[in-house]
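Given next are the chains, with one letter for each unit.
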Amino acid sequence: MTDRSSLRMFILVLLLVGVVLLYPRYRAYRSLQKPVPPGVTLDGMDFRGVSDVETVKKAVWERLAEPISLRYGTHRIILRPSEIRFRVDVDRMLAKAQQANTGWRYWANFVLYLAGTAPLHTDIPPVVSWDPTLLGDWMLKISQRYDRPSQPPRGDSARMVFLPGREGTRLNMEKSAEGILAALENPYQREGELVVEKAPVPAVSSGDLAALLGHASAKFPGIVSVYTQDLKDGMEAGYHENVAFAAMSTIKVPIGLMVVRKLSLPLPQQVQSLMENMLGKSGNKSSNELLSLVGDGDARKGCDVVTGYLKGLGLDSTYIAAPYFSEPPRKEIPTPANHDKKLDTHPDPAMQTTAAEMGRFLAEVARCAEGNGKLLSDPSLSVRKCQRLLEFMSLEEENRLIPAGLPPGTKVIHKHGFIKDSYGDVAVVWGPGGEFVLSIYIYHPPEIPWNLGSVTIQRLARGVWNYYALKYGKPQSPWEG
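Residues numbered from 1 in each chain as written. Predicted model: local features only at pLDDT ≥ 70, side-chain atom pairs only at ≥ 80, totals over all residues. Heavy atoms only, no water.

K.L.:
What's the story with the state of the cysteines in this structure? I'm lost.
P.N.:
In this structure the tally under the stated criterion is 1 disulfide. Covalently, Cys368 is tied to Cys386 through a disulfide, its sulfur atoms 2.0 Å apart. Measuring handedness by torsion sign, the sulfur bridge of Cys368 and Cys386 sits at about 80 degrees and is right-handed. Taken as a pair, Cys368 in helix α13 (residues 355–369) and Cys386 in helix α14 (residues 383–393) lie far apart in primary sequence, 18 residues in all. (Disulfide = S-S within 2.5 Å. Helix = DSSP H or I, 4+ residues; strand = E, 2+ residues; numbered from the N terminus.)

Given below as structure tokens:
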């Protein structure tokens, strides 16, 4: 036997002796691998020396089974894991523990075991599950119980202003869910804080304005109808704005539009004088002459022209069936507005409208005057013609209704109307945030006392002004009349 062969034999014998000597130690090391291998902890828990799987499962589960305490502001709320079916999957944690001590780590830990030193450490975080629906339902109940809704601005009908709203609180469910689950998975810190956000004050709305107008009208012994439209964004608001009213002299604005539509500018001097009288002095005789002009010599035909044009604009509750001072029709023309008798003003069968329709009509005139809106699709109209109509309206001499209710110095173009039991006024107002249209009609039979009627319209106008002031972040102007 050569020296080389003898060396090989010696090494082989040495290895066999080593295996024989180490095998019992290896068997002991292998026996330590279950349920939790050496060096592996489950959520920080060391199970060295524990051989019973059920003992491990119970210890891990009980560690996370305690209720958690959550704070919503000053309120303390207890959540039990069972309420959302929160579970710890210990079987998966044990499987991960076995996987953690494989490969090179397995043999490295065996060497360390032989050396009597601590094994390489690995921690298995908790593997948990819960019912998202139950968690969502739980948070919804907390939100419903503890959230404080924000309060919108409130109308003060004594001063016709809006009082400030109030911020509220609301539970942020998505962010709160993260904190809840973190607390449920933490055995050392069984408490957390729900994420509560401020709920901003809602912007003033058309409903807020309607509420103010309703309160302001409560003491008026009749029917009040108000409509307004913001020409900047087209938003509408109102109160009983679709009630049928006698159109009175407010129908003279559509008559005026038909005049400028029919003729070229500049108007003949005689027509101009008639327009100034109709819209500046509210002359009825001049209105009839202009209706005759529109109707090619027939005033009743002129009424049909005005009514037909309004219907073409979608204003189905506005019409004039007879000239001023003439025999009215025996029955009113049926319209969507006068069909509803819940609020009945017994409107004049000869001419009717609603606050909403007359307001929308005037809004289109104002848009046309600025180069916008549907009237410009009519080839017989132009920007200049609409501007000319507003110029005639600016000659209005009766300024004790809407204009008197607005802050001093406010630019306003309007047209009023009076009969014994009804007042009306429609206006384009240059307000706190730009132009808006305001249309107000009131009814009180058998006759409206002037002070009652005029002050009612003035106060309503001031409330609408302050609505736009609040909407556009400008100072309000309290009513002090």
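K.L.:
Just checking my understanding: could you explain the sheet that holds strand β3 (residues 68–72) for this structure?
P.N.:
Read across the open sheet, the 3 strands follow the order β4-β3-β11; overall the sheet is mixed. Unpaired on one side and paired on the other, β4 (75–79) and β11 (191–193) mark the two borders of the sheet. Adjacent strand axes in the sheet meet at a mean angle of 25 degrees, parallel and antiparallel pairs treated alike. Note: β3 against β4, 5 bridges, orientation antiparallel. Residue pairing across strands places Arg71 opposite Arg76, the latter belonging to β4. Contacts between helix α5 (residues 132–146) and the sheet are confined to β3 and β4, with β4 contributing the most and set at about 160 degrees to the helix. Along the sheet, helix α6 (residues 173–184) makes contact with β3, β4 and β11, crossing β3 at roughly 155 degrees. (Pairing = 2+ DSSP bridges. Axes fitted to C-alpha atoms, helices over the stretch in contact; angles between N-to-C directions. Contact = heavy atoms within 4.5 Å.)

K.L.:
Mind showing me how you'd approach the nonpolar core here?
P.N.:
Where a protein is soluble and globular, its nonpolar side chains tend to be buried together. In terms of nonpolar packing, the biggest core is built from 60 residues, with Ile251, Leu257, Met275, Phe361, Leu362 and Leu375 touching the most fellow members. Element by element, the count of residues in this core is highest for α13, at 10 residues. Within the second largest apolar cluster, 36 residues are counted, among which are Leu42, Trp138, Leu171 and Leu194. (Core = buried A, V, L, I, M, F, W, Y, C linked by side-chain atoms within 4.5 Å. Buried < 20%, exposed > 50% of the residue type's maximum accessible area, 1.4 Å probe, protein only.)

K.L.:
Whenever I open this one, the pairing of strand β20 (residues 434–443) confuses me. Can you help?
P.N.:
Within a regular beta strand, the side chains point alternately toward one face of the sheet and then the other, so they alternate between its two faces. Counting buried positions along β20 gives 9 out of 10 residues, so the element sits mostly inside the fold. Pairing analysis gives 8 bridges linking strand β13 (residues 223–230) to β20, with the strands arranged antiparallel. Following the sheet pairing, Ser225 is matched in β20 by Tyr441. As judged from the 10 bridges shared by strand β19 (residues 422–431) and β20, these two strands associate in the antiparallel manner. Of the residues in β20, the one forming a bridge with Ser422 is Tyr443. Between β19 and β20, which follow one another and run antiparallel, lie 2 residues.

K.L.:
How should I be thinking about the packing of aromatic side chains in this particular structure?
P.N.:
Remark: the centre distance and the inter-plane angle together describe each pair of aromatic rings, the angle taken between the planes. Enumeration over the complete set of coordinates arrives at 9 aromatic pairs. Ring centres of Phe418 and Trp450 lie 5.5 Å apart, and the angle between their planes is 75 degrees; this geometry places the pair in the edge-to-face category. Note that Phe418 is positioned in strand β18 (residues 412–418) and Trp450 in helix α16 (residues 450–471), a separation of 32 residues in sequence. Residue Trp450 is classed as partly exposed on the basis of its relative accessible area, which comes to 28%. With 5.8 Å between their ring centres and 45 degrees between their planes, Tyr423 and Trp450 make a pair best called tilted. Residue Tyr423 is located in strand β19, and its partner Trp450 is located in helix α16; the two are separated by 27 residues in the primary sequence. (Phe/Tyr/Trp six-rings, centres within 6.5 Å; stacked < 30°, edge-to-face > 60°.)

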